[in-house]
Amino acid sequence: MKYEALFEDEDNIFGGTPLSKWMDIINVANKNLVEQELERVYIRHAVMEKLLLEKMSEEELDREVYNYQHVKYDEIESDVKSLYLESTGNVVTRNE
């Protein structure tokens with residue numbers, strides 16, 4: 001994972017978790033930048049979901065997501081942290 005080293009001691013590096021830092025940033029960042037980032041994330045999510053629904057039903061997709069999340073919990077948790085960090089970086093480093 002590209003951000004794995006940052007998770008070794010979350011409290012010392014970030015003063016909180018990637019989620020708490022993301023929440024801190026979006027509450028003080030430029031509203032337009034936050035909206036653009038959230039739109040980027042949701043568009044990506046919608047495209048991925050649409051691609052998967054072309055291959056399986058919504059019920060099958062829900063079941064697969066649920067099962068995969070529980071089987072690969074540690075990997076998913078790490079990926080979610082990376083996505084929060086990426087999203088936070090996108091908001092912090094963009095200029096309007």
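Our subject is the structure listed above.
In every chain, residue numbers begin from 1 and rise along the written sequence. Local features in this predicted model are restricted to residues whose pLDDT is 70 or higher, and side-chain atom pairs enter the listing and the counts only when it is 80 or higher, whereas totals over whole chains, interfaces and linings include all residues. Computation of side-chain values covers all heavy atoms of the structure but excludes hydrogens and water.

**What to know about the environment of Lys21**
Thinking step 1. Locating Lys21 in the fold gives a position in helix α2 (residues 18-28).
Thinking step 2. In this structure, the C-alpha to C-alpha distance between Lys21 and Thr88, residues 67 residues apart in sequence, is 7.7 Å.
Thinking step 3. Residues adjacent in sequence count toward polar contacts only when both atoms are side-chain atoms; beyond that, a polar contact is any pair of N or O atoms within 3.5 Å, and within protein one must be able to donate a hydrogen and the other to accept it. There is a polar contact of 2.8 Å between the side chain of Lys21 and the side chain of Asp24. We count a stretch as a helix when DSSP gives it H or I for four or more residues in a row; a strand needs E for two or more, and each element gets its number in order from the N terminus.

**Some thoughts on the nonpolar core**
Thinking step 1. With five residues, the main nonpolar core is built from Trp22, Ile26, Leu33, Val34 and Val91.
Thinking step 2. The set of elements that each furnish at least two residues to this core consists of α2 and α3 (31-53).
Thinking step 3. We call two residues in contact whenever any of their non-hydrogen atoms come within 4.5 Å of each other. Once residues lying within four places of it in the same chain are set aside, the contact partners of Val91 are Ile25, Ala29, Leu33, Val34 and Glu37. In this description, a nonpolar core means a group of buried Ala, Val, Leu, Ile, Met, Phe, Trp, Tyr and Cys residues linked to one another through side-chain atoms lying within 4.5 Å. Burial here depends on accessible area, computed with a 1.4 Å probe over protein chains only, as a share of the maximum for the residue type. Under 20% is buried, over 50% is exposed, and the range in between is partly exposed.

**Some words on a negative patch on the surface**
Thinking step 1. Only residues whose relative accessible area exceeds 30% and that form no salt bridge enter a patch; like-charged residues are grouped when within 9 Å of one another, and nonpolar side chains (Val, Leu, Ile, Met, Phe, Trp, Tyr) when within 5 Å. Areas reported as accessible are Shrake-Rupley estimates using a 1.4 Å probe. Residue values count occlusion only from the protein chains shown. For this document, the term salt bridge refers to a Lys or Arg side-chain nitrogen within 4 Å of an Asp or Glu carboxyl oxygen. Charged-residue counts in this description rest on Lys and Arg as positive and Asp and Glu as negative, His and the chain ends being excluded. A single reference atom marks each charge: NZ on Lys, CZ on Arg, CG on Asp, CD on Glu. Where like charges cluster on the molecular surface, the negative patch consists of Glu49, Glu58, Glu59, Glu60, Asp62 and Glu64.
Thinking step 2. Sorting elements by how many residues they give to the negative patch places helix α4 (residues 58-71) first, with five residues.

**Some remarks on the environment of Asn90**
Thinking step 1. Residue placement: Asn90 occurs in helix α5 (residues 73-93).
Thinking step 2. Sequence spacing of Asn90 and Val34 is 56 residues, and the spatial spacing of their C-alpha atoms is 8.9 Å.
Thinking step 3. In contact with Asn90, not counting residues within four places along its chain, are Glu37 and Arg40.
Thinking step 4. Within the local environment of Asn90, its side chain forms a polar contact with the side chain of Glu37, the two groups lying 3.2 Å apart.

**Description of the pattern of salt bridges**
Thinking step 1. As enumerated under the stated definition, the model contains five salt bridges in all.
Thinking step 2. One salt bridge connects Glu75 with Lys72, and the closest N-O pair in it is separated by 4.0 Å.
Thinking step 3. Among the charged side chains, a salt-bridge network with shared partners connects Glu37, Arg40 and Glu86.

**Examining α5**
Thinking step 1. The terminal C-alpha atoms of α5, which comprises 21 residues, lie 30 Å apart, in line with the 30 Å expected from a rise of 1.5 Å per residue.
Thinking step 2. What α5 keeps buried is the set Ser78, Ser82, Leu85, Ser87, Thr88 and Val91. The span expected for a helix works out to 1.5 Å for each residue beyond the first.

**Quick notes on a nonpolar patch on the surface**
Thinking step 1. Taken together, the side chains of Ile43, Val47 and Leu51 make up a nonpolar region of the molecular surface, amounting to roughly 270 Å² of accessible area.
Thinking step 2. What makes Ile43 partly exposed here is its relative accessible area of 47%.

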